[in-house]
Amino acid sequence: TANAKDSAPAKSEGEKAADDDEIEDVGAQSLLNKLIRNNLVNTTNQVEVLQKDPNSPLYSVKSFEELRLKPQLLQGVYGMGFNRPSKIQETALPMMLAEPPQNLIAQSQSGTGKTAAFVLAMLSHVDPNNKYPQCLCVSPTYELALQTGKVIEQMGKYYPEVKLVYAIRGNKLQRGMKLQEQIVIGTPGTMLDWCSKFKFIDPKKIKVFVLDEADVMIATQGHQDQSIRIQRMLPKNCQMLLFSATFEESVWNFAQRIVPDPNIIKLKREEETLDTIKQYYVLCNSKEEKFQALSNIYGAITIAQAMIFCHTRKTAGWLAGELSREGHQVALLSGEMQVEQRAAVIERFRDGKEKVLVTTNVCARGIDVEQVSVVINFDLPIDKDGNPDNETYLHRIGRTGRFGKRGLAINMVDSKMSMNILYRIQEHFNKKIEKLDTDDLDEIE
Ligand code: ADP
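Here's a quick rundown of the structure. Quick caveat: nothing in here was measured; it's all calculated off a predicted structure.

## Considerations on the packing of helix α3 (residues 26-36) against helix α14 (residues 339-350)
Axis separation between α3 and α14 bottoms out at 9 Å; the angle between their running directions is 40°. Taken as axis vectors, α3 and α14 run oblique relative to one another. α3 and α14 meet at a crossing whose hand is right-handed. Here α3 contributes Ala 28, Leu 31, Leu 32, Leu 35 and Ile 36 to the contact with α14, which in turn contributes Val 339, Glu 340, Arg 342, Ala 343, Ile 346, Glu 347 and Arg 350.

## Some details on the site of the ligand
Among the 18 residues in the neighbourhood of the ligand, the closest are listed as Arg 84, Gln 89, Gly 111, Lys 114 and Thr 115. Lys 114 is positioned such that a nitrogen or oxygen atom in its side chain is 2.9 Å from an oxygen atom of the ligand. When isolated, the ligand has an accessible area of 560 Å², and the protein chains bury 83% of it. With 3 residues, helix α6 (residues 114-125) is the single largest residue contributor to the shell around the ligand. Of the residues that constitute the shell around the ligand, the class distribution is 5 nonpolar, 10 polar and 3 charged.

## As for the layout of surface pockets
What the second largest pocket holds in volume is close to 360 Å³. Together, 17 residues line the second largest pocket, and Asn 103, Lys 236, Asn 237, Cys 238 and Pro 260 are the ones closest to its centre. Within the residue set of the lining of the second largest pocket, elements represented by two or more residues are α10 (223-233) and β7 (239-244). Of the residues belonging to the lining of the second largest pocket, the class tally is 7 nonpolar, 6 polar and 4 charged.

## Observations concerning the nonpolar core
Membership of the largest hydrophobic core comes to 43 residues, with the highest contact counts inside it found for Met 96, Leu 104, Leu 120, Met 122, Leu 123, Ile 183 and Val 210. Sorting elements by how many residues they give to this core places α6 first, with 8 residues. Among all residues touching Leu 120, those that are not within four sequence positions of it are Phe 64, Leu 69, Leu 73, Val 77, Leu 93 and Met 155.

The rules we used
- Residues numbered from 1 in each chain as written.
- Predicted model: local features only at pLDDT ≥ 70, side-chain atom pairs only at ≥ 80, totals over all residues.
- Heavy atoms only, no water.
- Axes fitted to C-alpha atoms, helices over the stretch in contact; angles between N-to-C directions.
- Helix = DSSP H or I, 4+ residues; strand = E, 2+ residues; numbered from the N terminus.
- Parallel < 35°, antiparallel > 145°, perpendicular 65-115°, else oblique.
- Left-handed = near helix turned anticlockwise from the far one by under 90°.
- Contact = heavy atoms within 4.5 Å.
- Near = heavy atom within 4 Å.
- Polar contact = N/O pair within 3.5 Å; in protein donor to acceptor, adjacent residues only side chain to side chain.
- Areas by Shrake-Rupley, 256 points an atom, 1.4 Å probe, with all protein chains shown as cover.
- Nonpolar A, V, L, I, M, F, W, Y, C, P; charged D, E, K, R; others polar.
- 1 Å grid on protein atoms, 1.4 Å probe; cavity = no way out; pocket = protein on both sides within 12 Å on 5 of 7 lines; lining within 4 Å.
- Points joined across faces, edges and corners; volume = space filled by probe spheres on them.
- Core = buried A, V, L, I, M, F, W, Y, C linked by side-chain atoms within 4.5 Å.
- Buried < 20%, exposed > 50% of the residue type's maximum accessible area, 1.4 Å probe, protein only.

Here you go:
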């Protein structure tokens, strides 16, 4: 009631948690990555392939022509601006398109071409003359399912006989009806209902089963069981494909339950390194002093574009305000924003419309803004228990292998505690973090 609200303490526990440590939503993170990604991730790493039958020859293609795709699909692929298969597609596509169909578990980071690969496989395997579902694709969230659907529509642009339907909550069908679309894409719960409870889909007629974003999938209670229950209804000869950006033990165990006799393809992430980064710290006593130091730095050196990380939304909002007052064009990325809004902010920053991006830790996880030359940790990254978050530190300021340009990282320290965190980070990476005197800034340029 209104009364209870009025007398309630300033902040509920939930709000506090959201403030200090924005709750991580892996589904939203994954969607954000998709929305801001407009081309392939560069990689120099080789794919690792583990074949079900190690004696069978391993095919890999350097062109889409070699795949003998239907002309309508080849046209669709080129229409999307793809010239040649990505690293993972080189081996994944021939495997997925082989006769008889092969099962596959594939792991590679977001942006390496997995979605495009399985979409092409689904489109290649359906028979448009058969007016019933032949491919099922499960995604962890409604929004991610829509994104994949868009790729199907783009790639299938010249193959309009193939139809697509979304098995997502809210898409209510009449009882007793049978679907005519060849491809069904959706979330596990609704997909399972459509296969078993409502029988809109005859699972025995499915030729290809795709499980996308397995790592995000298992983060949601129930998705794992639902996916396994769908899988069990499918015929033995149905092609099973599973994709994931990461491969922890739990994902791997799940993958093996979904995909029998798999071929396995893995593409390692580019290693991140601090070798090309100059790291500094600045000693202050308060957040106001940290802001003053930041102003001094801006006054002394030319900074093309900087990302500034804060621990809480509150600090991020405050700092963005202060910087704007000083005349900077500031973009703010914050946890209460919708994923689409965040994507728009990142897009503008990438286009150079703003020169400073202020963000909270969780918000920026997994985002690469390649051209950023200066990273400022207004607060050092720590985990829930207050220990240094080395992984986040490395990801924020590290550069990947050969693509990395030189960079500058500045850490703001304002207490004994944060000094201790800094020492531990320094120790962990065994790389010196130099002290910077912001009243005398000649050294850093
Ligand atoms: P993932 O599923 O691994 O995140 P996507 O399939 O979504 O990767 O591909 C990432 C981006 O690269 C998308 O914008 C996609 O259109 C593009 N892409 C995919 N394959 C190719 C290719 N062979 N050539 C050029 N761009 C590609």
